[in-house]
Every structure is written in C-alpha cells, then in structure tokens.
Amino acid sequence: MEIFTYDFMIRAFVAGAIISIISPLIGNFLVLRRLSQIGDTLSHLALAGVAGSTLIGIDPTIGTVVFVLASSLGIERLRRAYARYSEISMAVATFGGMALAAILFSLSQGSAINIMGFLFGSLVSVTLNDIIIISALGIIVVALIFLLFKELLFITFDEDAAAISGIPINAINTMFTAMVAVTIALSMRIVGALLVSALMVIPAATALRIAKNFKQTVAYSVMFSVVSVFSGIFLSYYLDLSPGGTIIAISIIIMLAVNIIKRR
Amino acid sequence: MENAIEVSGVTFAYGEKTILDNISLTIGQGEFVAIIGPNGSGKSTLINIMVGILKPNSGSVRIAWNNIGYLPQRSFAFNQAFPADVKEVVSMGLYAKVGLFRRLKKSDWEKVYDTLKLVDMLDYKDELIGHLSGGQQQRVFIAKALVSDPQILFLDEPTVGVDAKSQQALLDLLEKLNKERGITVVMVTHDVWAITDKVSRIICMGNGHIYPECSLDNMDTRMLSELYGYPVKLESHVHRS
Ligand SMILES: Nc1ncnc2c1ncn2[C@@H]1O[C@H](COP(=O)(O)OP(=O)(O)OP(=O)(O)O)[C@@H](O)[C@H]1O
Ligand SMILES: [Mg+2]
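Residues numbered from 1 in each chain as written. Chains lettered and ligands numbered in written order. Predicted model: local features only at pLDDT ≥ 70, side-chain atom pairs only at ≥ 80, totals over all residues. Heavy atoms only, no water.

(A) Layout of the state of the cysteines. Residues and elements named next belong to chain B. The final tally for this structure, using the stated rule, is 1 disulfide over all chains. Across the disulfide from C204 sits C214; the S-S distance is 1.6 Å. Placement of C204 in strand β8 (residues 201–206) and of C214 in the loop between β9 (209–210) and α7 (221–228) is noted, with a sequence separation of 10 residues between them. For the pair shown, C204 and C214 are each scored as buried. (Disulfide = S-S within 2.5 Å. Helix = DSSP H or I, 4+ residues; strand = E, 2+ residues; numbered from the N terminus. Buried < 20%, exposed > 50% of the residue type's maximum accessible area, 1.4 Å probe, protein only.)

Rendered as structure tokens:
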C-alpha cells in the first residue's frame, strides 16, 4: 500500500499505536474516579508547554512532558487543598494554561510554529526523535499500569478503604498524576491538545456499557481506542482530514453504535 | 492476655464540636465487643479513629496487629455503576497482603471463593457489584473484610439492610470466627437484642462518653432508656434465638 511507503506515515502509525494503548489505560481510571476533567486541564497546559518550548528553542515533546509533569504535581497539591471542590483548582489551571499558551504563542510569532497541528493533531510533524521519546515513555507508562494495576483498581473503587488496608495511596496517586501528564504530552502530537482527553474518556466510557468486570473494561477500552486511532490515521491520510478530529469522530461513532446495539 | 486494642484519653472534635471527650478503653485479644448508642453519639467516629482513618486531637490508639478488617457504615454507598464484579471486589481485601507489584495467585483466588462461600454469595461471583441488592452487597463487603484473615475485625452496622435469616447467619459466622479462630471482633449495632447472647462485652456510647455502668449484666429497660433518652421497651425479641 502506498501509505506505508512514506516514512512519516510509518512514524505516525508507530506513535499512534503507543498512544492508542496508553490513553484508554489511563482514561479508565480517570473516568471511574470522576477526574476526566484533569485531562482537559493538562492538555491546555500542554499547549503552553509547546509554546514555551518553541520560544526558548528546546525540543517541544521533551519541553511539554517536563512542563505538564511539573504543573500536574502542582495541581495535585491544589486539589488536596480544595479537596471537596477539586473542580475549582482544575478550572483555574485550565484558564491559566490557556492564558499562558496565548501569551507565549503571541511572543513567538514569526517563528514558523504550526498552531493548528498542536491544537488538532498532525501526521507529518512526528519526528524520529518524537518516536524515540514516545516509545520510551509509553513503555514506562504501560509497565507502571501493569505493575500497579490492582492498587489503582482499589484506589479507584474506594480510596479510604485502600488507605486503611495499607496501600501507599499518596505515592501511587502522585505517580498516577505523573502518568496522566506524560500520556497527554505524548498523545498531543497525533490527536492534538484539544482532543487528547477525548481519547482517554470516550473509549473508556464505551467499554463501561458492555464490560462485565474491570479487566474487560480495560480490554474493551484499549480495543476501541486502537480501532479508532488506526482507522482514523488511514482516513485522515486518504481524505486529507485532521487526524485528531477523524480519530475522535470514529470513537464517538463506535460509542453510539455500542449504545444502540446494547439497547436492543 | 495482651490487649488487642488500647484507646487512651482520646479526644476528637469537628471544629468546635467535641465528638469524643477523653475516651479510654481496652479490648482484649479474642473479645467480641458490641458498641451501642444513639445516632450521632460518636460510634463511627470512634471506630474510624481505631482503624486510623481519623486522627484524634489528643490521646492515642494502640492496636496489637496491623492485619485488620474493616467494614465501614454504609459501605454500599459507592459508585453503583463501577464495572467490577463480585470476585474482584472481594479480592481487593487481599491486595495489601499480596504486596505491591505482585499479582494474585491461584491460591489467593481460592481464598476469595472460600470467603464468598462463607457469606453464601459464591453463586454471584461473576455478577457486577452494582447489580446486587443492598443486602447482598453488604455480604460481599463483609467477605472483603474477612478475606485477608484479619486478627481484628471492625464492623460498623454490618446487619443494616440484611434480611433476618442472613442477619442470623452473619452473627453466627462472627461468633464462629471469634470462638474458633480467636479473631477479635468490634461491632457497632443498633440491634441490641440480637447480640446479647453472642458478645462478651458491650460498650455504650452517648454524648461523647462511654457509660461505665452499662454492661451485659445490667442491660435492662432503665439502662437503655437512659442511654437512648427515651423509654426503650424490653419485650418483643428478648430471647429469640
Ligand atoms: N464530617 C463531619 N463533619 C462534622 N461533623 C461530623 C462529621 N461526621 C460526623 N459528624 C458529627 O459527629 C457526631 C458523631 O457522628 P458518628 O458518625 O460518629 O455517629 P454514630 O454514633 O456513628 O451515629 P449513627 O448511629 O447514626 O451511625 C455527629 O453528631 C455528627 O453530626
Ligand atoms: Mg455510625
């Protein structure tokens, strides 16, 4: 097939494969903990990370990972301070991220920065360097989820009970927040900042409708996400559409289909 | 006999409101203790301090082991749409024991099934937790508290929402665990008459204090009326069994 003769498309598929696995893995826990908003917040901060990296001239992927990681740990502290109103700290951080991104983008005007690509995703902009970073960090995220799977399940189900039983919830929560941050910074390259959290939330929400236990929820969500990302990359290449938009549109179609079949 | 639990001089307040006022008590190993008292008297607060969810403003709690089982009040007030099945929920009771980074072994799952059988819920092991009735969920949570073979079991109103037959079965089970395995049981309950022939001691709470004169021997109408602040009648289910 012609599509596989282009190096940039192969890079896009490799990056897509990793992103399509880590996003729903993280997304399941976010959705079930009612924290999906944090994905949105961090993606706005990621935009500021991209703008900042471009401005000071460092690799945007590395710059974004570092910036989002640092701000996520800040938000985690804010969230504890406003324990009962975590949406306040989230909203403040979202607006803060947007404002900062706007300022930094306007400062870096003139440098050829593809804002649309960062907002809605891009297939051509994935560099070999990105692939190395995405693969390395992606494997770490998958490994950590695998190793901490039962603890994350328990904390998600009942944080207090997990704490009493002796599970180190603060350490695991901090690690989890870091994984969310990394996943967002990585996924942004293909899906775009405005749609990364959709790839975390929608496949997980679809899986919820049909799963009979937690393991199935995770398996289905990854399956739906992989299908959406791969078919989305194909379609966006042949029809020349925004990859992020196409991927998310497909995942929503799958969600609707599952809901219609389930209702009958 | 060494003590299982020692509470000394514990005071706890929410803001200005003192909930527990300088409470001291000891519970010996192998005791089966019931805590009774009116709504809002601080029973759950005391349990939460004993298991370590709440930190007292002053005073201290000492527990002889760290393997404890805990069934919180309204334990079924969780996200009813959570996609976990019954066996997954019960298995959570084993996670801390299994340890970080490890997976459950076959013998762990057998333990889960044995415990489900103990509470008569084995047939439901593959059901989503949210698809069970409130009483069935309560039995699953009891299994989760029991599955790690705790040396001390804290139960906050375990029989609420459980039907009469299962309630009796649960009390019999607790009695058996207490007698045969020597597990220390601390249970909050409002169903005073159902437990008088099972427990070894009763602790009465009211107004942030423990009533020292309240004991199994003088559990009578006058005592209870004073504790609950209204005339409690003794009739009906005394000496059912
Ligand atoms: N989070 C809270 N903030 C403020 N006050 C609280 C809080 N939780 C409980 N209280 C107060 O503490 C007191 C004791 O509550 P607790 O739950 O220990 O009572 P209880 O004896 O378990 O009652 P019940 O029989 O209804 O379960 C009550 O007066 C209650 O209003
Ligand atoms: Mg209570």
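(B) Just the coordination of the magnesium ion (ligand 2), in detail. Each protein donor to the magnesium ion (ligand 2) is listed here as S44(B) (OG) and Q73(B) (OE1); together their distances run 1.9 to 2.2 Å. Of this pair, S44(B) sits in helix α1 (residues 43–51) while Q73(B) sits in the loop between β5 (68–71) and α2 (86–98), placing them 29 residues apart in sequence. (Donors = N, O, S within 2.8 Å, 3.2 Å for Na, K, Ca; no water.)

(C) Main features of the interface of chain A and chain B. Each side of the interface is counted separately: chain A has 24 residues, and chain B has 29 residues. Of all residues in chain A, K150(A), F157(A) and I164(A) bury the most surface against chain B, accounting for 34% of the area lost on that side. On the surface where chain A and chain B come into contact, there are 0 salt bridges. Taken together, the connections running from chain A to chain B amount to 7 residue pairs in polar contact (both at pLDDT 80 or more). Within the residue set of the side of chain A that touches chain B, elements represented by two or more residues are α6 (128–147), α7 (149–157), α8 (159–164) and α11 (214–239) of chain A. Sort the elements by how many residues they give to the side of chain A that touches chain B and α7(A) lands first, with 6 residues. Looking at the side of chain A that touches chain B, its residues break down into 15 nonpolar, 4 polar and 5 charged. (Contact = heavy atoms within 4.5 Å. Buried area = accessible area lost by both parts, 1.4 Å probe. Salt bridge = Lys/Arg side-chain N within 4 Å of Asp/Glu carboxyl O. Polar contact = N/O pair within 3.5 Å; in protein donor to acceptor, adjacent residues only side chain to side chain. Nonpolar A, V, L, I, M, F, W, Y, C, P; charged D, E, K, R; others polar.)

(D) Main features of the sheet that holds strand β4 (residues 58–63) of chain B. Residues and elements named next belong to chain B. Reading across the sheet, the 3 strands line up as β2-β1-β4 and stay open at both edges, with antiparallel pairing between neighbours. Across the chains shown, the open sheet's two edge strands, defined by having one partner strand only, are β2 (17–28) and β4. Ignoring which end each strand starts from, the neighbouring axes of this sheet average 15° apart. Of the strand pairs in this sheet, strand β1 (residues 3–14) and β2 are connected by 8 bridges, and their pairing is antiparallel. Within β2, the residue paired with Y14 across the bridge is K17. Relative to the sheet, α1 contacts β1, β2 and β4, its axis offset from that of β2 by approximately 60°. (Pairing = 2+ DSSP bridges. Axes fitted to C-alpha atoms, helices over the stretch in contact; angles between N-to-C directions.)

(E) Geometry of the site of ligand 1. Residues and elements named next belong to chain B. The environment of ligand 1 is formed by 14 residues, the closest being G40, K43, S44, T45 and Q73. For ligand 1, an oxygen atom lies 2.8 Å from a polar atom in the backbone of G40. Coverage of ligand 1 by the protein amounts to 63% of the 640 Å² it exposes when considered alone. Where the shell around ligand 1 is concerned, the elements lending two or more residues are β2 and α1. Among the elements that take part in the shell around ligand 1, α1 stands out by supplying 3 residues, more than any other. Per-class residue counts for the shell around ligand 1 are 3 nonpolar, 8 polar and 3 charged. (Near = heavy atom within 4 Å. Areas by Shrake-Rupley, 256 points an atom, 1.4 Å probe, with all protein chains shown as cover.)

(F) Looking closely at empty space enclosed by the protein. Counted according to the given criterion, the structure contains 2 cavities of 30 Å³ or more. One number sums up the size of the largest cavity: a volume of about 60 Å³. Considering the residues around the largest cavity, the lining is formed by L30(A), R33(A), L35(A), I38(A), E76(A), R79(A), N173(A), F176(A), T177(A) and V180(A). Residue assignment for the lining of the largest cavity shows that the elements contributing at least two residues are α3 (60–81) and α9 (169–191) of chain A. For the lining of the largest cavity, the element with the highest residue contribution is α9(A), accounting for 4 residues. Within the lining of the largest cavity, the residues separate by chemical class into 5 nonpolar, 2 polar and 3 charged. Taken as a whole, the second largest cavity spans an internal volume of roughly 40 Å³. In this structure, the second largest cavity is lined by P158(B), T159(B), Q167(B), L171(B), M187(B), T189(B), D191(B), A194(B) and I195(B). If you list the elements that add at least two residues to the lining of the second largest cavity, you get α5 (164–181) and α6 (192–195) of chain B. The class makeup of the residues in the lining of the second largest cavity is 5 nonpolar, 3 polar and 1 charged. (1 Å grid on protein atoms, 1.4 Å probe; cavity = no way out; pocket = protein on both sides within 12 Å on 5 of 7 lines; lining within 4 Å. Points joined across faces, edges and corners; volume = space filled by probe spheres on them.)

(G) Region of interest: the layout of surface pockets. Residues and elements named next belong to chain A. Quantified by volume, the largest pocket comes out at close to 1,300 Å³. Around the largest pocket, the lining comprises 34 residues; the ones closest to its centre are R84, I155, D158, E159 and D160. If you list the elements that add at least two residues to the lining of the largest pocket, you get α3, α4 (86–107), α7, α8 and α9. Examining the composition of the lining of the largest pocket, we find that 4 residues originate from one element, α8, more than from any other. Grouping the amino acids of the lining of the largest pocket by side-chain chemistry returns 15 nonpolar, 8 polar and 11 charged.

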